[in-house]
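The primary structure of each chain is shown beneath.
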Amino acid sequence: MDTSTVALAVDLGASSGRVVAGEFNGETLKIGEVHRFPTRNVRLGFSCHWDVLYIFDEILKGLSTAIAHYGAKVKSIGVDTWGVDYALLDRDGKMLGNPHQYRDPRTDGMRELAASRFGEAELFAVTGVQPMFFNTLYQLMSEAEAKSPALEVASKLLFMPDLINFWLSGVAVNERTIASTSQMLDARSKDWARDPLRKLGIPTKMLGEVVEPGSILGPLSKRVAIEVRALEGAVPSVVAVGSHDTASAVVGRPAGHGRRAFLSSGTWSLLGVELESPVLSAEALEEGFSNEMGVGGKVRFLTNICGLWLLQECRAQWIADGENVTFGEMAKMAEEATPFLSVIDPNNPSFAKSGDMPNKIRKYCADTGQVVPETKGEILRVATESLAACYRLVWDGMQSFAREPLQSVSVVGGGCQNELLNQCTASSLGVPVEAGPVEATAMGNIITQLVATGSLDSIALGQELVRRSIETKKFTPRDSSLWSEYVDRLRSLVETHEPQKA
């Protein structure tokens, strides 16, 4: 008799979403993708919005397919997404317009305005989050400054996974890990930083109850249960997992030994370490670190780096030019190109917005007096090596806050498939890299559900489960002297061409 349990992870990324099934038989966890779809966004005038109604419809298709296949074995559903974006709801629970996409230009100038009202060091000492142009704080300030009617009448603010959870279960709460990305949560009390928000002109009446990851919100609502054909008497529960995708990705790492850093490698790279308490010093602010909440009461002390965005945007441009190159072909071209040709700062503002990334990389190299990469392979090699060198700059700063020496890096997410980047990372950092699983976010999402519903006793046992269930690949450092010189080239460039801070 099959007594396995199935948990469904709704995993939404900035470019695609999936419904993933995790089947747990008591010994191993089998992961299977049920449904995939683009998380498309739409433009209206100068604004960019998530097409969230389309996204939810695709989620329901995925849930329906999974429940048709697994039946009553499906016990729970959890949702994770990217950070910071949100929807405003009226008192009847109706959405007041489609959520804005985090790269929308409406936040231009908001960081500077916030700093004039409440100093950045003072705000960091409360929230522990770096001031970045896309943060929820600045998005809301832009609405307040524009006297947005939606903001004036909003009864609830729900982050993207909170919104999906609400539509699935009818329960409207804010899960802590996703709330912590907003720059609006007090890092010590783990509740809303209401006083700074009021001083910044942001109303707080729509900020709701903050719940821990692993909270069971309730069963699927009757309407949704009927739509996805959930079996009567076996309606799955909706669990608020670590609903920021990086929080789930950190949970989804295989169990390991020693002090490990994590690198969640996707459109964004997030390099960090788990700590027991936040670091709120001026030095942490200066070094570019944030304190985000994790599962199990941990703090994810990390920094955002531009990530695979560089490579994705190169591919998008080449496809727009009529050359349909695959990521596999790109990896081969980069592998065969000349190493250490030039170096770019992936975090330079010139790379932050979409559009003609190959030309932006060439221009940066020309403007900084370096060899200009010409071929696709050269451009990709420069981008890949520069990412790894940038990791080293972050790594050096992180060591001083980690309290114990960092001995290795666990790379998870889509970027763990990029073997050249993994090897460059090991060589740049000078420590072993373990790559995998690709599905760390979905696995972490599912592990949190299994713990919440009683199928697993702890997150630690869940990570042992991951270790038993998947294979990883290890990379050891090479060419240490060449990499030291290359990192020094980037360090010099950053010091010389770093944009002035507000």
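Reading the values: rules and limits
- Each chain carries its own residue numbering, running from 1 in the direction its sequence is written.
- pLDDT decides what is reported in this predicted model: residues at 70 or higher carry local features, side-chain atom pairs at 80 or more are listed and counted, and totals for whole chains, interfaces and linings draw on all residues regardless.
- Note that the side-chain values use all heavy atoms of the structure and ignore hydrogens as well as water.
- Secondary structure counts use DSSP, requiring at least four H or I residues in a row for a helix and at least two E residues in a row for a strand, with both numbered from the N terminus.
- A radius of gyration in this sense is built from C-alpha atoms; the matching globule rule multiplies 2.2 Å by the number of residues raised to 0.38.
- In this scheme, a residue with accessible area under 20% of its type's maximum is buried, one over 50% is exposed, and one in between is partly exposed, where area comes from a 1.4 Å probe on protein chains only.
- Every residue pair with non-hydrogen atoms within 4.5 Å of one another is taken to be in contact.
- Shrake-Rupley sampling with a 1.4 Å probe provides the accessible areas, and residues are treated as covered by the protein chains on show and by no other component.
- Note on charges: Lys and Arg go in the positive column, Asp and Glu in the negative column, and His and the chain ends are not counted at all.
- A charged residue contributes its charge at one atom only: NZ of Lys, CZ of Arg, CG of Asp or CD of Glu.
- Centres within 6.5 Å make a pair out of two Phe, Tyr or Trp rings, where for Trp the six-membered ring is used; the pair is then stacked when the planes are under 30 degrees apart, edge-to-face when over 60, and tilted otherwise.
- The reported arc concerns the directions from the helix axis to the C-beta atoms and nothing else.
- Here a cavity denotes a set of grid points, spaced 1 Å apart and computed over the protein atoms alone, in which a 1.4 Å probe fits but from which it cannot get out, and a pocket denotes an open set meeting protein on both sides within 12 Å along at least five of seven lines; residues with an atom within 4 Å of a point are reported as lining.
- Grid points are joined across faces, edges and corners, and a volume is the space filled by probe spheres set on the points.
- When residues are grouped by polarity, Ala, Val, Leu, Ile, Met, Phe, Trp, Tyr, Cys and Pro land in nonpolar, Asp, Glu, Lys and Arg in charged, and all others, Gly among them, in polar.
- A strand pair is defined by DSSP finding two or more bridges across the two strands.
- A fitted line through C-alpha atoms represents every axis, and for helices the fit uses only the stretch in contact; the resulting angles, taken between N-to-C directions, go from 0 to 180 degrees.
- Every case where a carboxyl oxygen of Asp or Glu lies within 4 Å of a side-chain nitrogen of Lys or Arg is listed as a salt bridge.

## A closer look at the overall build of the protein chain
A count of helices and strands for the protein chain gives 19 helices and 19 strands. The globule rule puts the C-alpha radius of gyration for 502 residues at 23 Å, and the 22 Å found for the protein chain is close to it. For the protein chain, with 502 residues in total, the buried portion stands at 59%. Taking as baseline every contact in the protein chain between residues at least 6 positions apart, the subset at least 24 positions apart corresponds to 72%. Within the structure as shown, the protein chain displays about 19,900 Å² of accessible surface, and the carbon and sulfur contribution to it stands at 51%. Side chains of the protein chain carry 49 positive and 61 negative charges; the gap between the two charge centres is 3 Å.

## Some thoughts on the packing of aromatic side chains
Going through the model one piece at a time under the given rule, you end up with 13 aromatic pairs. Considering the side-chain rings of Phe159 and Trp192, the 6.4 Å spacing of their centres and the 25° angle between planes classify their relative orientation as stacked. On the criterion of sequence distance, the pair formed by Phe159 in strand β8 (residues 156–159) and Trp192 in the loop between α7 (176–179) and α8 (194–199) is long-range, its members being 33 residues apart. Taken individually, Phe159 and Trp192 each receive the classification buried, so the pair is uniform in this respect. Seen from their ring centres, Phe289 and Phe401 are 5.7 Å apart, and the 65° between their planes marks the pair as edge-to-face.

## Brief notes about helix α3 (residues 120–127)
Those residues of α3 that sit buried are Glu120, Leu123, Phe124 and Thr127. Along the axis of α3, the buried positions cluster into a sector of 100°, meaning they face one direction only. In this fold, the buried residues of α3 make contact with α2 (110–117), α4 (136–145), α8, α11 (282–287) and β15 (290–293). Count one or two residues on from α3 and you reach Gly128, which has phi positive near 70°.

## Quick word on helix α14 (residues 357–367)
Those residues of α14 not exposed but buried are Met357, Pro358, Ile361, Tyr364 and Cys365. On an axial view of α14, the arc spanned by its buried residues comes to 130°, and they lie on one face. If you follow the buried residues of α14, they end up packed against α12 (309–320), α15 (376–399) and α19 (480–497). Just downstream of α14, Gly369 is the residue with a positive phi angle, here 70°.

## Let's talk about empty space enclosed by the protein
If you walk through the whole model with that rule in mind, you get one cavity of 30 Å³ or more. Quantified by volume, the largest cavity comes out at close to 30 Å³. Taken together, Arg176, Lys190, Glu212, Met293, Gly294, Gly297 and Lys298 form the lining of the largest cavity. In terms of residue class, the lining of the largest cavity is made up of one nonpolar, two polar and four charged.

## Remarks on the sheet that holds strand β14 (residues 269–275)
Either a parallel or an antiparallel arrangement is found when strands of a sheet pair, and the pairing is made through backbone hydrogen bonds. Pairing within the open sheet is mixed, and its seven strands lie in the order β15-β16-β14-β13-β17-β18-β19. Either end of the sheet is taken by a strand with one partner, and the two such strands are β15 and β19 (473–475). Put simply, the sheet's adjacent strands are angled 30° from each other on average, direction ignored. In the sheet, β15 pairs with strand β16 (residues 299–305) via four bridges, with the strands oriented antiparallel. Paired with Asn291 across the strands is Phe301, a residue of β16.

## Details of the layout of surface pockets
The space that makes up the second largest pocket amounts to roughly 630 Å³. Looking at the second largest pocket, it is lined by 26 residues, and the ones nearest its centre are Asn41, Gln101, Trp309, Glu313 and Ser354. Residue assignment for the lining of the second largest pocket shows that the elements contributing at least two residues are β4 (41–44), β5 (47–50) and α12. Residues of the lining of the second largest pocket, tallied by class, amount to 11 nonpolar, eight polar and seven charged.

## Here we look at the environment of Leu421
Mapped onto the secondary structure, Leu421 falls in helix α16 (residues 419–429). What makes Leu421 buried here is its relative accessible area of 2%.

## Looking at the pattern of salt bridges
All chains considered together, the criterion is met by 26 salt bridges. The salt bridge partner of Lys332 is Glu336, with a shortest N-O separation of 2.6 Å. Pair noted here: Lys332 and Glu336 are both in helix α13 (residues 327–336), with a separation of four residues, about one helical turn. Side by side, Lys332 and Glu336 carry an identical accessibility label, which is exposed. Of the charged contacts in the structure, one is a salt bridge between Asp396 and Arg392, with a shortest N-O distance of 2.8 Å. Here Asp396 and its partner Arg392 are both found in helix α15, four residues apart, which amounts to about one turn of the helix.

## Thoughts on the environment of Ile31
Topologically, Ile31 is positioned in strand β3 (residues 29–38). Setting aside residues up to four positions removed in sequence, Ile31 forms contacts with Val20, Ala21, Gly22, Glu439, Met443 and Ile446.

## Brief notes about the pairing of strand β2 (residues 16–24)
In terms of burial, β2 is a largely internal element, eight of the nine residues being buried. Between strand β1 (residues 5–12) and the antiparallel strand that follows it, β2, lie three residues. Here β2 runs beside β3; their pairing, made up of nine bridges, is antiparallel. Note on β3: the bridge partner recorded for Gly22 is Ile31. Once β2 ends, the chain turns through four residues before running back antiparallel as β3, passing Gly26 with a positive phi of about 100°.

## Considerations on the pairing of β5
The pairing of β4 with β5 spans four bridges and is antiparallel. What sits directly across from Arg43, in β5, is Cys48. Between the antiparallel neighbours β4 and β5 lie two residues, among them Gly45 with a positive phi of about 65°.

Keep in mind that these numbers describe shape and distance, not what the molecule does.
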